[in-house]
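Given next are the chains, with one letter for each unit.
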Amino acid sequence: MLSDKHYQALRSLPAVNSLLQAPELQGLIKEARFELISRISSKVLAEERQKITEAAVPQATTTTEILAKITDKYHKLAVPHLHSVINGTGVILHTNLGRAKLSTEALEAVQNSALNYSNLEYNIIEGKRGTRFAHVEELLIELTGAEAATVVNNNAAAVILILQEMAQGKEVIVSRGQLVEIGGSFRVSEIMAQSGAQLVEVGTTNKTHEFDYERAITPNTALLMKVHTSNYKMVGFTKEVPLDELVQIGALHQLPVYEDLGSGVLYDLKKHGIGEEPTVQEAIKAGADLVSFSGDKLLGGPQTGIIVGKKQLIERIKKNQLARALRVDKMTLAALEATLRHYLLNEAPAKIPTLRMLLMNSQTLEEKASKLYDLLKDYDQQAELRIIDGFSEVGGGSMPDVQLPTKLIAIKPHSLDINRFESAMRLPPSSIIGRIVADKYLLDVRTIEVEQFTLIKEKIDSVL
Ligand SMILES: *Cc1c(COP(=O)(O)O)cnc(C)c1O
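Here goes a summary of the coordinates provided. (Residues numbered from 1 in each chain as written. Predicted model: local features only at pLDDT ≥ 70, side-chain atom pairs only at ≥ 80, totals over all residues. Heavy atoms only, no water.)

1. Things to note about the pattern of salt bridges
Line of reasoning, step 1. In total, this model carries 30 salt bridges according to the counting rule given.
Line of reasoning, step 2. Salt-bridge contacts for Lys51 lead to Glu48; the nearest nitrogen and oxygen are separated by 3.4 Å. Of the two residues, Lys51 and Glu48 both sit in helix α4 (residues 34-54), 3 residues apart, roughly one turn of that helix.
Line of reasoning, step 3. By relative accessible area, Lys51 is classed as partly exposed at 47%.
Line of reasoning, step 4. What makes Glu48 buried here is its relative accessible area of 2%.
Line of reasoning, step 5. Two residues, Glu422 and Arg426, come together in a salt bridge whose shortest N-O distance is 2.9 Å. (Salt bridge = Lys/Arg side-chain N within 4 Å of Asp/Glu carboxyl O. Helix = DSSP H or I, 4+ residues; strand = E, 2+ residues; numbered from the N terminus. Buried < 20%, exposed > 50% of the residue type's maximum accessible area, 1.4 Å probe, protein only.)

Spelled out as structure tokens, the structure:
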């Protein structure tokens, strides 16, 4: 029941028409369209009405406040919502912050493909229709040693597509120890159900043997699948059937073997003492019929799902109707092609930001840290500033056990609460994402570019 006070408050709200004549809104009406400002005004008024109706003790909002809300709502729409942030977390493939950063060359390729017409699906030599995969397929074959390759929207899409094409209405054998969930609720078991393939779990959580696969094979088995458990690690009393042995079982029963590699590295990080990720080349060499992996994890390219393997199977996958629905656009292909070419030209560690940050040596980290420290020294009256040792993470669900030694700038403001400091750093303009550990705000220099240091200084200047 609404009281007299409610009605009074409702009546005191201005009408849309009178709001739209207010001098405060004339600038906006000129800048945007009249209809937009009118719609925003109606929305703000409706929100105010609802607030009054729902309040136990209603309070009318003044016209000045309402005008401010309209202006605020308009600015929220009019300024870019997706904007860059400075990643001070030290998590290299931060899924929430956009995973892999592209190289300059990949960016130029994106820009070129976006601003111009291109030979996306046009064979320039023959003057007739071509295929969009031609731009990356040869590169992928060369780099991985596979017979054929194709690309879809992301690795989750690749998994669904492969399962549907290879095993719809049939059985797929997977080890219980590999039924993983990846961030963003990607579950192997559920993806399997979605694709129409029937999951046959074998082994136990910690151990799966060759004979577990052998015993589960029936005339209805279509595929042996291995999932690289990239985001968690089992230690202790464990056994997994290695890919080459799974390939032998597959050959014996004429069943194709598919490995979902997850991250999919082309550049062997093991050789640099970083993690134990198998490379795509190794999976192909071990005889996998199909391998899929992400483009924007350790590969360091755009969001894509890359499928490589036997030509006959890839041809089938390309023809699946789902492949059309999951296809990548020209900007993605342009970025992927440029990224793959870095590997071909042996310049991947220097040019691809993900690899550059992963391989950053201690001397560079120390130099970066002292450079940032020197810039921020001016604020040592307002905050305690120190360079400390810490660890960066790979992120993106890759190499959970790898800790990369790094240098951090630790900031402890003298008078400002640490949580308020952190949130002020986070808010635009120049959003800086750091973390709080033991009452100190930490910035990892590994994931921050030197060119961003002045922005950090300016931000701290405005916050402290
Ligand atoms: C990350 C991951 C996926 C999903 O890949 P997206 O490219 O994020 O869709 C699938 N399988 C494994 C093993 C993964 O690590």
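2. So, the sheet that holds strand β5 (residues 148-152)
In a beta sheet, neighbouring strands pair by backbone hydrogen bonds and run either parallel or antiparallel.
Line of reasoning, step 1. The sheet built from 7 strands is open, its strands ordered β5-β13-β12-β11-β10-β6-β9 with mixed pairing. For this open sheet the edge positions go to β5 and β9 (198-202), each flanked by a neighbour on one side alone. Put simply, the sheet's adjacent strands are angled 25° from each other on average, direction ignored.
Line of reasoning, step 2. As judged from the 4 bridges shared by strand β10 (residues 221-227) and strand β11 (residues 257-262), these two strands associate in the parallel manner. Across the sheet, the residue bridging to Val227 is Asp260, located in β11.
Line of reasoning, step 3. On top of the sheet, helix α8 (residues 155-167) reaches β5, β6 (171-175), β10, β11, β12 (290-294) and β13 (305-309); it is set at about 160° to β12, its chief contact.
Line of reasoning, step 4. Here helix α9 (residues 188-195) sits on the sheet and contacts β6, β9 and β10; the angle it forms with β9, its principal contact strand, is near 145°. (Pairing = 2+ DSSP bridges. Axes fitted to C-alpha atoms, helices over the stretch in contact; angles between N-to-C directions. Contact = heavy atoms within 4.5 Å.)

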